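Spelled out from the first residue to the last, the chains are:
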Amino acid sequence: QTGPYGPHTSSSSSPPSSSSPAFCPVQPSRHIVERQSRMLNFRVEYRQRSIEVVLEDASTVGDIKTILETELQVPVSKMQLKGWKSGDVSDSTVLQSLHLPKNNSLYVLTPDIAPLASTSQSSAQQGSSSQNYLLVISHREAQRDYSLNFPASKTIQEVKRNISDLTNIPVRHQQWDGWPATASDDSITLAASGISYPCHHLTVCRRSSPALTVDQTDECTDVHMVSDSEDDFEDAPEFGVDESEIFGMGSSSCQKSPMMPEDSENEGDALLHFTAEFSRRYGDCHPVFYIGSLEAASQEAFYGKARDRKLLAIYLHNDESVLGNVFCSQMMCADSIVSYLSQNFITWAWDVTKEANKARLLTMCTRHFGSVVAQTIRTYKTDQFPLLLIVMGKRTSNEVLNVIQGNTTVDELMMRLMGAMEIFSAQQQEDIKDEDEREAREMVKREQDEAYRLSLEADRKKREAQEREEAEQVRQERIRKEQEEEREAIRLSLEQALPPEPKEDDGEPISKLRIRTPSGEFLERRFLGSCKLQVLFDFVASKGYPSDEFKLLTTFPRRNITQLDPAWSLLEAKLFPQETLFLEAKE
């Protein structure tokens, strides 16, 4: 089934919609760390209708037309989409290349389709299942509005599932305002729900989840789990919700997807899985984890130019540690920590919950940092995880500046990160100084080599310049002759193709034309009144005045005859029975 943002898998089996919603960005992969595309909003006006379209900027102009073809029932071939600030564009133009703002206004022209006499027919069909509803949905926490088109055959449950993917609010946690009283059953369609047509406004927010409730007396310590319904727990796998989120607990006894599988073929795939699972558990506000091997992360951090080098932060996660959830949600997802790590560190992560992954990590650390680092990691117990290793690259080896354990606070973590940055900055300044001195020496040597090379080439360049000038003169002369010959050939062919000049006593309408050339000379000739303008243009071109270089104008009132349709006759162009024209060179 198709939702308002691309493919969506659902357990329900409702029939396919007759028209796609006008919100069709490509569903991004959950493994992508940084989203490169933007969402663009388009309000498209057509006669008495206004269509809202939401697309990714990776889409093309043709994608918009395809959506409008469904919405307006107008073939793409008869549709002209206007209003682009950069002028007319082709259907294959990618929206990203147009550098558009987020909100845009366009309009559709259909010159080949006559306008309808009235709109009463469409108004009478507003309750039909073939109509589309525009739902303006306000996400209260994000302070963002979504304008989505849905066919009337969509059910309320399907709308809520689509909004779940847009807002990351599971259906059972959604709290809605704006549904009419008749929309109490989520299985009914929009057409039968009683919402306003064609536009209806709704508000959604995350419902306050029933928390763990504890008796306020000191004697009672029983913890009661509260749920909206028994179905909440059964629905969790369908929406990809971790059971620990339902119970509000971070215990490792709850079943949940591992941060990193044991059977990943390479480190990049393992890190993609880790990043996706981390985002699912703790949200999208987290450090940007480097996707690649530990060796590649080290190369990125340590072996560029001195000014571009960074510290390497290695985050080691263990799901069996009681500190894992707190450290991830409170430390690693804190805005200040995320910002500081993103600016100053290359952050690489690994999950050591499984023994196979831990052994794989120790092998990598031994290869890149030596056996001391691997042995240090072995000494930490499970309850001391997560760990954050701060590694600095040096000329001969890599040095671990700090090992931060999971039992810390945001302030302490920030202080230790800043302390590592002070050490790194001092070393970086020395490296920059050495690099600048080395580049200065290399620059002097390059300048000397360049001066020597220039002295050797000076005479050769003079000779080559003279030879090129002579060759260019010969070439220009040859081109000029070829152009003259080509023009003469075209002129002769046009002259031979002209119909014979009619006689005055032929009995047909005759038009006498007198044409003044830019040199002051006059060209005179008789034409049949039914003769096409193209014949006149060919006659003028045969005299050495092609229409792509000269304009043919009337004297008074001044008209540009070359802009008229060449298929018009002289009578239609009002060049009858006689007319004086003049030729003027185009700018």
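Remember, predicted model here, so these are calculated numbers, not experimental data.

Visitor: Lay out the overall build of the protein chain with the relevant residues and their values.
Guide: Assigned secondary structure in the protein chain consists of 14 helices and 20 strands. Within the span of the protein chain, comprising 587 residues, buried residues form 38% of the whole. Considering only intrachain contacts with a sequence separation of at least 6, the fraction spanning at least 24 residues in the protein chain is 64%. A total accessible area of about 33,500 Å² is found for the protein chain, and carbon and sulfur atoms account for 49% of it.

Visitor: Tell me about the packing of aromatic side chains, and name the residues and values.
Guide: For the coordinates displayed, the defined rule picks out 14 aromatic pairs. Both rings, one in Y545 and one in F550, keep their centres 5.2 Å apart while their planes meet at 85°; by these two values the pair is edge-to-face. Judged on exposure class, the residue Y545 and its partner F550 are both buried. Put simply, the rings of F274, F278, Y282, F289, Y315 and F327 pair up and form one aromatic cluster. Seen from the ring of F522, R514 lies directly overhead, with NZ or CZ sitting 3.8 Å from the centre. Over the ring of F527 we find R525; its NZ or CZ atom is 4.8 Å from the centre of that ring.

Visitor: Can you break down the sheet that holds strand β5 (residues 80–82) residue by residue, with the values?
Guide: What the four strands build is an open sheet, ordered β4-β3-β6-β5; its pairing is mixed. Strand pairing shows two members of the sheet lacking a second neighbour, β4 (49–56) and β5, which therefore form its edges. Taking the axes of each pair of neighbouring strands and ignoring which way they run, one obtains an average angle of 30° across the sheet. Here strand β3 (residues 39–46) runs beside β4; their pairing, made up of eight bridges, is antiparallel. Paired with M39 across the strands is E56, a residue of β4. Sitting on the sheet, helix α1 (residues 61–72) touches β3, β4, β5 and β6 (103–109), and the angle it makes with β4 is about 140°.

Visitor: Account for the confidence of the model for the protein chain, with residues named and values stated.
Guide: Summary statistics for the protein chain give a mean pLDDT of 79 and a share of 82% for residues scoring 70 or more. Under a pLDDT of 50 for its full length, residues 117–128 has, in the predicted model, seven contacts with residues more than four places off or in other chains. Long-range and interchain partners of residues 210–254, a stretch whose pLDDT sits below 50, account for 53 contacts in this model, where long-range means more than four residues apart.

Visitor: Go over the nonpolar core with me, naming the residues and quoting the values.
Guide: One finds F278, L312, W348, W350 and L417 to be the most contacted residues of the largest nonpolar core, which totals 57 residues. Look past the residues within four positions of W350 in its chain and what remains in contact with it is M260, E267, A270, L271, F274, Y315, L316, H317, N357, R360, L361 and M364.

Visitor: Explain the pattern of salt bridges to me, and be specific about the residues and the numbers.
Guide: Going through the model one piece at a time under the given rule, you end up with 29 salt bridges. Between R43 and E52 there is a salt bridge; the shortest N-O distance is 2.7 Å. K551 serves as the salt-bridge partner of E584, at 3.3 Å between the closest nitrogen and oxygen. Of this pair, E584 sits in strand β20 (residues 578–585) while K551 sits in strand β19 (residues 550–554), placing them 33 residues apart in sequence. According to the relative accessible area criterion, K551 is partly exposed, its value standing at 22%. Each of the salt bridges in this network shares a partner with another, and the network as a whole consists of E450, R453, E457, R460, E464 and R468.

Cut-offs used in this document
Residues numbered from 1 in each chain as written. Predicted model: local features only at pLDDT ≥ 70, side-chain atom pairs only at ≥ 80, totals over all residues. Heavy atoms only, no water. Helix = DSSP H or I, 4+ residues; strand = E, 2+ residues; numbered from the N terminus. Buried < 20%, exposed > 50% of the residue type's maximum accessible area, 1.4 Å probe, protein only. Contact = heavy atoms within 4.5 Å. Areas by Shrake-Rupley, 256 points an atom, 1.4 Å probe, with all protein chains shown as cover. Phe/Tyr/Trp six-rings, centres within 6.5 Å; stacked < 30°, edge-to-face > 60°. Lys NZ or Arg CZ within 6 Å of the ring centre and 35° of its normal. Pairing = 2+ DSSP bridges. Axes fitted to C-alpha atoms, helices over the stretch in contact; angles between N-to-C directions. pLDDT = per-residue confidence, 0-100. Core = buried A, V, L, I, M, F, W, Y, C linked by side-chain atoms within 4.5 Å. Salt bridge = Lys/Arg side-chain N within 4 Å of Asp/Glu carboxyl O.

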